[in-house]
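An overview of the molecular structure
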Amino acid sequence: QVQLVDSGGGLVQPGGSLRLSCEVSGFNLDYYAVGWFRQAPGKEREGVSCIDGSDGSTWYADSVKGRFTISRGNAKNTVYLQMNSLKPEDTAVYYCAADPAFFSDDSDIVHYWGQGTQVTVSS
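Residues numbered from 1 in each chain as written. Predicted model: local features only at pLDDT ≥ 70, side-chain atom pairs only at ≥ 80, totals over all residues. Heavy atoms only, no water.

**Section: unusual backbone geometry**
The backbone phi angle of S85 is positive, close to 50°, even though this residue is not glycine. Relative to the helices and strands, S85 is located in the loop between β8 (78-83) and β9 (92-99). Even without glycine at this site, S104 takes up a positive phi of about 45°. The residue S104 is located in the loop between β9 and β10 (112-113) in this model. The class for S104 is buried, based on a relative accessible area of 19%. (Helix = DSSP H or I, 4+ residues; strand = E, 2+ residues; numbered from the N terminus. Buried < 20%, exposed > 50% of the residue type's maximum accessible area, 1.4 Å probe, protein only.)

Rendered as structure tokens:
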């Protein structure tokens, strides 16, 4: 059974950092892409970042390039999203996602989702 458990959200001041975690089970990360989407109140869900399990290639939304970094953990069943220089516009519920295909920002092809974790950037 495929399961994604995302965590690490919270309240942080502008300019601060958070690290989100996505712990996966039920499949081999080497054959899946894992990434993050986010959804702010009143807005559509948007892709944030994605990493290919087979070759490590990555994709980032323009709005987070240079500030966010996606990576696989040493345990190999966890994917992290390191978020630095956070801005109020980063406030959203962040969802971990996984699929055999590399999905970038295309949520329509994603088969598996985490439950979401709230990130709030505010002073």
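**Digging into the pairing of β9**
Within β9, 7 of the 8 residues are buried, which leaves the element mostly enclosed by the surrounding structure. As judged from the 7 bridges shared by strand β4 (residues 33-39) and β9, these two strands associate in the antiparallel manner. If you follow R38 over to β9, its bridge partner there is Y94. One ladder, built from 3 bridges, connects β9 with strand β11 (residues 117-121); its direction is antiparallel. What sits directly across from A92, in β11, is V119. (Pairing = 2+ DSSP bridges.)

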